[in-house]
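Here's the letter readout for the chains.
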Amino acid sequence: IRIIRAVRQAVAFQLSIVPETKNLISESNLRLPGVSRERVRDEIFRILEGPKPETAINILSVLGALDYILPEISQLRDVPQSEPHFQNVYHHSLQTVSKLNEIYHLLSPERDPENGMNWASGYLSVRLSRFRKHLIPHFVKQINPDRSHWSLTLFAALYHDSGKPIARSLSENGKIRFLNHENVGAALIHNRTRELKLSNIEIDWLGSLVKNHMRPLYLTKEGKLPSRRAVYRFFRDCGERGVDICMISLADILAAFGPTLDKDLWISHVNTINHLLESWWEKKSEYISPEKLITGNDLMMKFDLKAGPVIGKLLSEIQEGQAIGEINDKESAYKFANGWLVENYGYISSNTG
């Protein structure tokens, strides 16, 4: 375990590792599989919670230890990417972790407005600064008492493209593609975090972040602000994890484009994230979880239905109708339910008149 600890402390205290110690680490890496997974896990998350975690992870890679600790990340080292990416998958993943920390500090109350502002961070700060009062409490709230919420988000950022080596293919014009890499990556982080003995809620949380990390960008690429239906479905599927996904998505874009960041794309993407966060924190009762107009019992009595999955599905459809502004009262909810039952089941109750 001192292999990982040496790297963590070197970065935390800005120390150099002397050649003799580097040699000892390289000679001892083979013993890492014999260390308890819980101790390895704790050191990994201490690295993520400390300064410059991307630097520590890269040193572990250079010393050959990462192959035994997080092999899925090691396997990214020689995986190239097509434009707009300007780095291979490994360095892009480390850069995403770095950019995510930058965004967090930029939006924190302790930020230094004179420190390193460029046009991209300036626009981000202007558009998202009003969410500072929500972001910090969101990430302070712990999912597990042994690890910070923020360190889990950084871990997801590190793994967000871990599925790319498996998903890699070439298009007819020779462009590298990674179709479905997010689902492959979700499976990989699930297996890794289970081996590291994280809790079930953490495993599910991290898998969801990796699986859905592309969704905000897909919404941006539609060329307009997400519709109320798109916002509702995003948070229906992701819940409060959607906030973490928004932060990872911003870092992912910055890391992907680097110095070639397209101004129009960045402005559109920040506006998309602003719209999503506004919906979650300022318009939740309207766009995401409107107050129920009718209950399952109401539906069963009105349409002579029995309890079952149809009731749950119908209630979900009604809530979506409320969120997008098409259902506003009980009467319109019943009218929608009747039409939905007719369309999907060819059924009309004698109670509908």
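Residues numbered from 1 in each chain as written. Predicted model: local features only at pLDDT ≥ 70, side-chain atom pairs only at ≥ 80, totals over all residues. Heavy atoms only, no water.

1. Re the overall build of the protein
Consideration 1: Looking only at helices and strands, one finds 21 helices and two strands in the protein.
Consideration 2: Principal-axis analysis of the C-alpha atoms places the extent of the protein at approximately 85 × 50 × 45 Å.
Consideration 3: Counting only residues that meet the buried cut, the protein has 50% of its 353 residues in that class.
Consideration 4: Put simply, 72% of the contacts in the protein that link residues at least 6 apart link residues at least 24 apart.
Consideration 5: As displayed, the protein has an accessible area near 17400 Å², and 50% of this comes from carbon and sulfur atoms.
Consideration 6: Taking the average location of the 44 positive side-chain charges in the protein and that of its 41 negative ones, the two points are 2 Å from each other. (Helix = DSSP H or I, 4+ residues; strand = E, 2+ residues; numbered from the N terminus. Buried < 20%, exposed > 50% of the residue type's maximum accessible area, 1.4 Å probe, protein only. Contact = heavy atoms within 4.5 Å. Areas by Shrake-Rupley, 256 points an atom, 1.4 Å probe, with all protein chains shown as cover. Lys, Arg positive; Asp, Glu negative; His and termini not counted. Charge placed at Lys NZ, Arg CZ, Asp CG, Glu CD.)

2. Some details on helix 10 (residues 149-159)
Consideration 1: Burial runs high along helix 10: 11 of the 11 residues are buried.
Consideration 2: Within helix 10 the residues assigned to the buried category are His 149, Trp 150, Ser 151, Leu 152, Thr 153, Leu 154, Phe 155, Ala 156, Ala 157, Leu 158 and Tyr 159.

3. Observations concerning the packing of aromatic side chains
Consideration 1: Counted according to the given criterion, the structure contains 10 aromatic pairs.
Consideration 2: Put simply, the rings of Phe 45, Phe 155 and Tyr 159 pair up and form one aromatic cluster.
Consideration 3: The positively charged end of Lys 263 is found above the aromatic ring belonging to Trp 119, 5.8 Å away from the centroid.
Consideration 4: Here the basic side chain of Lys 284 rests over the ring of Trp 280, its NZ or CZ set 3.6 Å away from the ring centre. (Phe/Tyr/Trp six-rings, centres within 6.5 Å; stacked < 30°, edge-to-face > 60°. Lys NZ or Arg CZ within 6 Å of the ring centre and 35° of its normal.)

4. Examining the nonpolar core
Side chains that are nonpolar tend, in soluble globular proteins, to be buried together.
Consideration 1: Leu 70, Phe 155 and Met 247 are the most contacted members of the largest nonpolar core, which totals 89 residues.
Consideration 2: It is helix 16 (residues 241-257) that provides the largest number of residues to this core, a total of 11 residues.
Consideration 3: Ignoring sequence-local partners within four residues, the contact set of Phe 155 consists of Ile 44, Phe 45, Leu 48, Leu 70, Ile 189, Arg 192, Thr 193, Leu 196 and Leu 206.
Consideration 4: Counting residues in hydrophobic clusters, the runner-up holds 13 residues, among them Phe 303, Ile 318, Ala 333 and Tyr 334. (Core = buried A, V, L, I, M, F, W, Y, C linked by side-chain atoms within 4.5 Å.)

5. Overview of helix 7 (residues 89-106)
Consideration 1: In a regular helix each residue adds 1.5 Å, so 18 residues correspond to 26 Å; helix 7 covers 25 Å between its end C-alpha atoms and thus fits that length.
Consideration 2: With respect to burial, helix 7 is a largely interior element, 14 of its 18 residues being buried.
Consideration 3: One side-chain oxygen of the residue at the start of helix 7 lies 3.2 Å from the amide nitrogen of Tyr 90, identifying that residue as Asn 88. (Expected span 1.5 Å × (residues − 1). Polar contact = N/O pair within 3.5 Å; in protein donor to acceptor, adjacent residues only side chain to side chain.)

6. A short note on the side chain of Asn 29
Consideration 1: With respect to the helices and strands, the residue Asn 29 is situated in the loop between helix 2 (19-28) and helix 3 (37-49).
Consideration 2: For Asn 29, a relative accessible area of 4% corresponds to the buried category.
Consideration 3: Polar contacts involving the side chain of Asn 29 include one to the main-chain carbonyl oxygen of Leu 63, which spans 2.7 Å.
Consideration 4: Other than its neighbours up to four places away in sequence, Asn 29 contacts Ile 3, Leu 63, Gly 64, Ala 65 and Tyr 68.

7. Let's talk about empty space enclosed by the protein
Consideration 1: As enumerated under the stated definition, the model contains three cavities of 30 Å³ or more in all.
Consideration 2: What lines the largest cavity is Ile 44, Ile 47, Leu 48, Ile 57, Leu 60, Leu 66, Ile 69 and Leu 70.
Consideration 3: Elements that contribute at least two residues to the lining of the largest cavity include exactly helix 3, helix 4 (53-62) and helix 5 (66-69).
Consideration 4: No other element matches the three residues that helix 3 contributes to the lining of the largest cavity.
Consideration 5: Class assignment for the residues of the lining of the largest cavity results in eight nonpolar, no polar and no charged. (1 Å grid on protein atoms, 1.4 Å probe; cavity = no way out; pocket = protein on both sides within 12 Å on 5 of 7 lines; lining within 4 Å. Points joined across faces, edges and corners; volume = space filled by probe spheres on them. Nonpolar A, V, L, I, M, F, W, Y, C, P; charged D, E, K, R; others polar.)

8. Digging into the packing of helix 15 (residues 228-238) against helix 16
Consideration 1: Packing of helix 15 against helix 16 brings their axes to within 8 Å, and their N-to-C directions diverge by 110 degrees. Taken together, the axes of helix 15 and helix 16 are roughly perpendicular relative to one another. Contact residues: Phe 234, Phe 235 and Cys 238 in helix 15; Arg 241, Gly 242, Val 243, Ile 245 and Cys 246 in helix 16.
Consideration 2: Residue composition of the contact of helix 15 with helix 16, by class: six nonpolar, one polar and one charged. (Axes fitted to C-alpha atoms, helices over the stretch in contact; angles between N-to-C directions. Parallel < 35°, antiparallel > 145°, perpendicular 65-115°, else oblique.)

9. A look at the state of the cysteines
Consideration 1: Taken as a whole and assessed by the stated rule, the structure comprises zero disulfides.
Consideration 2: Looking at Cys 238, it has no disulfide partner, and the nearest cysteine sulfur is the one in Cys 246, 8.7 Å off. (Disulfide = S-S within 2.5 Å.)

10. Some thoughts on the pattern of salt bridges
Consideration 1: Applying the stated criterion across every chain yields a total of 22 salt bridges.
Consideration 2: Between Asp 67 and Arg 77 there is a salt bridge, with its nearest N and O atoms 2.8 Å apart. Here the residue Asp 67 occupies a position in helix 5, and Arg 77 occupies one in the loop between helix 6 (71-74) and helix 7, the gap between them amounting to 10 residues.
Consideration 3: In this structure Arg 77 comes out as partly exposed when scored by relative accessible area, which is 27%.
Consideration 4: With a closest N to O distance of 3.0 Å, Asp 237 and Arg 215 form a salt bridge. Of the two residues, Asp 237 is situated in helix 15 and Arg 215 in helix 14 (residues 215-220); the sequence distance between them amounts to 22 residues.
Consideration 5: A single network of salt bridges, built from pairs that share partners, joins Arg 215, Arg 229, Arg 233, Arg 236, Asp 237, Glu 320 and Glu 326. (Salt bridge = Lys/Arg side-chain N within 4 Å of Asp/Glu carboxyl O.)

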